[in-house]
Every structure is written in C-alpha cells, then in structure tokens.
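Per-entry structural report
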Amino acid sequence: MKFKKTAIIIFLLTVITASAYFIFCSLSSNTVKIPIISLTKDSLPKVNPAKSFTVIVLPDIQNYSSTYPEILCQQTEWILAKKKDLNIVFVSELGDITNNGAKKMYEWENASRCLGKLDEVVPYSVIPGNHDADISGQKSSGFSAFDATFPASRFDKYSWYGGNYENNRNNYEIITVKTAGGSITKLLFLNLEIEPSDKVLAWADSVIKAHPDFYAILTTHKYLLIDSKARDNTVRFSSDGNSGEDIWNKLVKDNCSIAMVWSGHNHGENRISSVNSCENTVNEIVQDYQDRENGGNGWLRIYTFTPAKHSIDVRTYSPYLNQIETDADSQFTLEL
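Residues numbered from 1 in each chain as written. Predicted model: local features only at pLDDT ≥ 70, side-chain atom pairs only at ≥ 80, totals over all residues. Heavy atoms only, no water.

Some thoughts on the layout of surface pockets
Put simply, the test is: With a 1 Å grid laid over protein atoms only, a set of points is called a cavity when a 1.4 Å probe fits there but cannot get out and a pocket when it is open yet has protein on both sides within 12 Å along at least five of seven lines; lining residues have an atom within 4 Å of a point. Grid points are joined across faces, edges and corners, and a volume is the space filled by probe spheres set on the points. Working definition: helices are DSSP H or I runs of at least four residues, strands are E runs of at least two. Numbering for both runs from the N terminus. The residue classification treats Ala, Val, Leu, Ile, Met, Phe, Trp, Tyr, Cys and Pro as nonpolar and Asp, Glu, Lys and Arg as charged. All others, Gly included, are polar.
When its volume is computed, the largest pocket comes out at roughly 280 Å³. Taken together, 14 residues form the lining of the largest pocket, with Y215, A259, T281, E335 and L336 sitting closest to its centre. Those elements that provide at least two residues to the lining of the largest pocket are β8 (215-220), β9 (258-263) and β11 (281-288). Class assignment of the residues belonging to the lining of the largest pocket gives a composition of seven nonpolar, five polar and two charged. Looking at the second largest pocket, its volume works out to about 210 Å³. Lining the second largest pocket are 14 residues, and of these K139, E166, E193, S197 and D240 lie nearest its centre. Looking at the lining of the second largest pocket residue by residue, the classes come out as three nonpolar, five polar and six charged.

Structure (structure tokens):
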C-alpha cells in the first residue's frame, strides 16, 4: 500500500511540475512576442517623390530559393507594384541567395526567376554568402553557380552599374536621386562577398576613394552580431578572409563617406552606431529573418530617405503577411 501511495505521489508531482513548466514557457513566450500590426490593402503610406525615396533590403533569401520560391517572387512583385508609391530607387540583397551552393541548381533558377522580375525596372545588387559557395560554407570551392547565374554581364548594360571585382562577387552601383529644390543625393552601394579578402578590400577602398562626395552604403553578408553591440570577429568560411571587425578597421573606419553598413547571416535584428576617424556616425545594421516560419515569412526592410529632413525612416514589412513589425529593433529613424 505504501508503495502505491508513493507511486501516486510521484506521479502527481510529475504532472504538477510538467504543467507548471508548460505555463511558464507559455508566459515567457508571450513576453518576448514581437509587436505586429496587420495592415489593410495598400495601407502603407505613400512617399512624396519630390521629397523622399526608398531603398529595399532583401536579407538571406536562401530558404525561399530552396523551398518557398513563391514568397520571394511575391516580394519582388510587391516591389514592382510599389515602385511608384514608395519611390523605390534600389534593392539590396545581402547574400545567401541559396542554401546548397552548386549542389542544387534549381535554387539558383528560383532566385534568378524571382529577382529577374526586377530586371530592366528597378536597379538591384546581389552578393554571395557562405551558402552560395559551390560547396556550401567553403569559399575555397569557388562560386561557379553564382558566376553563372549573376555574372557581371547580367548587369553591365545598365547605366547605374558601376563595376565589379571577380565577376560580380563584389560590385558597386551608383544611384542619383533628385528631390525638391533641386537637391541631388548621390548614392554609392558597395557590395562585398562573404569574408572579403585583403585584395577585395583594396579594390573596395579604391572605389570609395574614386567617389568621395557620395553617400556610401556598404553591404556584406557577415558583419554584425545579433546578441551584443559588437561586430563579428570570426573568420569561419575562408583562409584569407576578413571578419566584420577587420572590415571596420581596414575599410570603414577611415573612409568617411561610408555612412551605413548592412549585413545578414546572423539570425535576427540588431544595430549599433560607431564613430569613424572623421568623428562621423556610421550606422551598422544586421537584419535576417530566415529562422522564422516559411523560411522568413517574407519579411524585408524599407529604408525611406528624406534629405530635407536629414532622416531615414526604417520599417520591417512582409508583403506575404501584409504585416509590419513595430518594436524598436524593427521600426526606427536614423539621421541622414
């Protein structure tokens, strides 16, 4: 009898403990829930093209290319549909175009088809991430699939395409925007492969120095960490590459026209503001949604520039869900 009572007590304690743990986890998950607003159709505010313009960032599209291509195509179709309303002048893709490098070419075909909707209509850039190496994660295996899908020849017919290093694995674009009062904003988008080598950084330095009066935005796949106010200081995918901290010290810090750095790779959102050698602020931002449902649920970034107000309004939006995130890491304003 004592044995039965003891067994019953143990069973009840187990049930109570499990229930308490379940309740705790449920409450904990609720406390970190990201505030999201569902929008009605076409309810994103329009942009006055005489005053503002927009740049769209597409981070880490790899899961769409491999499993959910319809979401990537929906993103680019939305960009085309909103080109006029938001005065979209450029689209920046942040690397990891695919999941499996050259092993599964259908992923490259999906990416090319969906991003190709922008061809001839909206200027855009792509760069290779670690997953885009022929053997995923090994830069030494080469980038033949990237070279075949997004070669320099795909872009060099456009007037906005500035040039490249190593067949578009590193590239730059020049966008000039006119706003009210005859104001002209000259943008330089400088885009570097995963863990760029010293040779790549030397090329990037020459591009920056050739365009000293441009507002320069640097993109590279792996640069900023998520869980701290620090840059990534590891080199994991190459034998001669540079970390995010290296890129800051060797390229960004002393090239004072670089005002912003965008990256992906590390899952989540984070941003820091650093002071360069000219005592100017550089905004460094990571955005990556690949670990969310459906390979990222279509989340992208909207950067709206208003030169007269010296401001950049940043929003995180999903055309797939027609929702916008409103927490401080997802919606904020930067000084231009």
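Continuing now.
Quick notes on the side chain of T54
For clarity, the cut-off: What qualifies as a polar contact is a pair of N or O atoms within 3.5 Å, subject to a donor-acceptor requirement within protein and to the restriction that residues adjacent in sequence count only when both atoms come from side chains. In this analysis, two residues are considered to be in contact whenever any of their non-hydrogen atoms come within 4.5 Å of each other.
Take T54: it is sitting in strand β2 (residues 53-58). Here L86 takes part through its backbone oxygen, which lies 2.7 Å from a polar atom of the side chain of T54. Discounting chain neighbours no more than four positions away, the residues touching T54 are V47, L86, N87, I88, V89, F90, I302, Y303 and T304.

Things to note about the pairing of strand β5 (residues 161-165)
The line we're drawing: Here, a strand pair is defined by DSSP locating no fewer than two bridges between the strands.
When β5 meets strand β6 (residues 170-179), the two strands line up antiparallel, connected through four bridges. Paired with Y165 across the two strands is N170, which belongs to β6. A loop of four residues connects β5 with β6, the two strands running antiparallel in sequence, and E166 in this loop sits at a positive phi of about 65 degrees.

A closer look at the packing of helix α6 (residues 198-210) against helix α7 (residues 244-252)
This is how the line gets drawn: Every axis corresponds to a line fitted to the C-alpha atoms, with the helix fit spanning only the stretch in contact, and the corresponding angles, defined between N-to-C directions, vary from 0 to 180 degrees. Working definition: roughly parallel below 35 degrees, roughly antiparallel above 145 degrees, roughly perpendicular at 65 to 115 degrees, and oblique for all remaining angles. Less than a right angle of anticlockwise turn of the near helix away from the far helix marks a crossing as left-handed, whereas a clockwise turn marks it as right-handed.
Look at α6 against α7: their axes get within 10 Å of each other, and the N-to-C directions meet at 40 degrees. Between α6 and α7, the interaxial angle falls into the category oblique. Handedness of the crossing formed by α6 with α7: right-handed. Counting all contacts with α6, which are made through D198, L201, A204 and D205, the residues of α7 involved are I247, K250 and L251. Looking at the contact of α6 with α7, its residues break down into four nonpolar, no polar and three charged.

Worth remembering: the numbers are spatial, not functional.
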